[in-house]
Amino acid sequence: MRVAAIDIGTNTILMLIADVDRFNSLRVIRDEHAIARLGEGVDASKRIAAKAVERALAILDYQKSIADLE
């Protein structure tokens with residue numbers, strides 16, 4: 001079975017695509033990372049900046065397109 005996982009952090013968005021066999025062993029198909037900088041300016045504003053959200057959404061769209069192909 002092919003699975004994908006996405007980890008959204010303060011600075012990066014990670015995506016792993018892997019095949020899981022009947023013994024629950026993983027074989028990595030794709031390992032993607034991108035810098036979103038979601039935490040940029042959060043200490044001062046206490047909010048995630050609109051530009052950071054735009055970056056994150058663009059990254060997630062790109063990663064989804066990769067997952068759809070795999």
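Located above this text is the structure these notes cover.
Presented here is a report on the structure given in the accompanying data block. (Residues numbered from 1 in each chain as written. Predicted model: local features only at pLDDT ≥ 70, side-chain atom pairs only at ≥ 80, totals over all residues. Heavy atoms only, no water.)

By the bridge criterion, 9 bridges tie strand 2 (residues 12-20) to strand 3 (residues 26-35) in an arrangement that is antiparallel. Residue pairing for strand 3: T12 is matched across the bridge by I35. The antiparallel pairing of strand 2 with strand 3 creates a hairpin that spans 5 residues between the two strands, and N24 there sits at a positive phi of about 65°. (Pairing = 2+ DSSP bridges. Helix = DSSP H or I, 4+ residues; strand = E, 2+ residues; numbered from the N terminus.)

Here the focus is unusual backbone geometry. A positive phi angle, close to 65°, is found at N24, a residue other than glycine. N24 gets classed as exposed once you look at its relative accessible area, which sits at 62%. Even without being glycine, K46 reaches a positive phi, approximately 65°. (Buried < 20%, exposed > 50% of the residue type's maximum accessible area, 1.4 Å probe, protein only.)

This part covers the sheet that holds strand 2. Across the sheet, which stays open at both edges, the 3 strands sit in the order 1-2-3 with antiparallel pairing between neighbours. Two strands bound the open sheet, and with one partner strand each, they are strand 1 (2-8) and strand 3. Each strand of the sheet is rotated relative to its neighbour by a mean of 15°, with strand direction disregarded. Taken strand by strand, helix 2 (residues 50-69) contacts strand 1, strand 2 and strand 3, and its axis lies near 15° from that of strand 2. (Axes fitted to C-alpha atoms, helices over the stretch in contact; angles between N-to-C directions. Contact = heavy atoms within 4.5 Å.)

What follows is about helix 2. The terminal C-alpha atoms of helix 2 lie 29 Å apart, and with 20 residues this matches the ideal 28 Å at 1.5 Å per residue to within 8%. Every buried residue of helix 2 is listed here: A52, A56, I59, Q63 and I66. Seen end-on, helix 2 carries its buried residues on one side only, within an arc spanning 80°. Exposed positions of helix 2 whose direction lies more than 90 degrees from the buried face are A50, K51, D61, K64, D68 and L69. (Expected span 1.5 Å × (residues − 1). Arc of directions from axis to C-beta.)

Take the side chain of D19 next. Mapped onto the fold, D19 is located in strand 2. One polar contact links D19 to R2, side chain to side chain, over a distance of 2.7 Å. In this view, D19 contacts M1, R2, S25, L26, R27 and I29; residues no more than four positions away in its chain are not counted. (Polar contact = N/O pair within 3.5 Å; in protein donor to acceptor, adjacent residues only side chain to side chain.)

Below, the discussion takes up the pattern of salt bridges. Tallying each qualifying case throughout the model produces 6 salt bridges. As a salt-bridge pair, E70 and R30 come within 3.4 Å of each other at their nearest N and O atoms. Here R30 lies in strand 3 and E70 lies in the segment after helix 2, a separation of 40 residues in the sequence. Residue E70 is classed as partly exposed on the basis of its relative accessible area of 33%. Assessed through its relative accessible area of 27%, R30 is described here as partly exposed. Residue R55 pairs with E40 through a salt bridge whose shortest N-O separation is 2.8 Å. Placement of R55 in helix 2 and of E40 in the loop between strand 3 and helix 1 (42-45) is noted, with a sequence separation of 15 residues between them. (Salt bridge = Lys/Arg side-chain N within 4 Å of Asp/Glu carboxyl O.)

Honestly, that's just the spatial picture; any functional story needs more than this.
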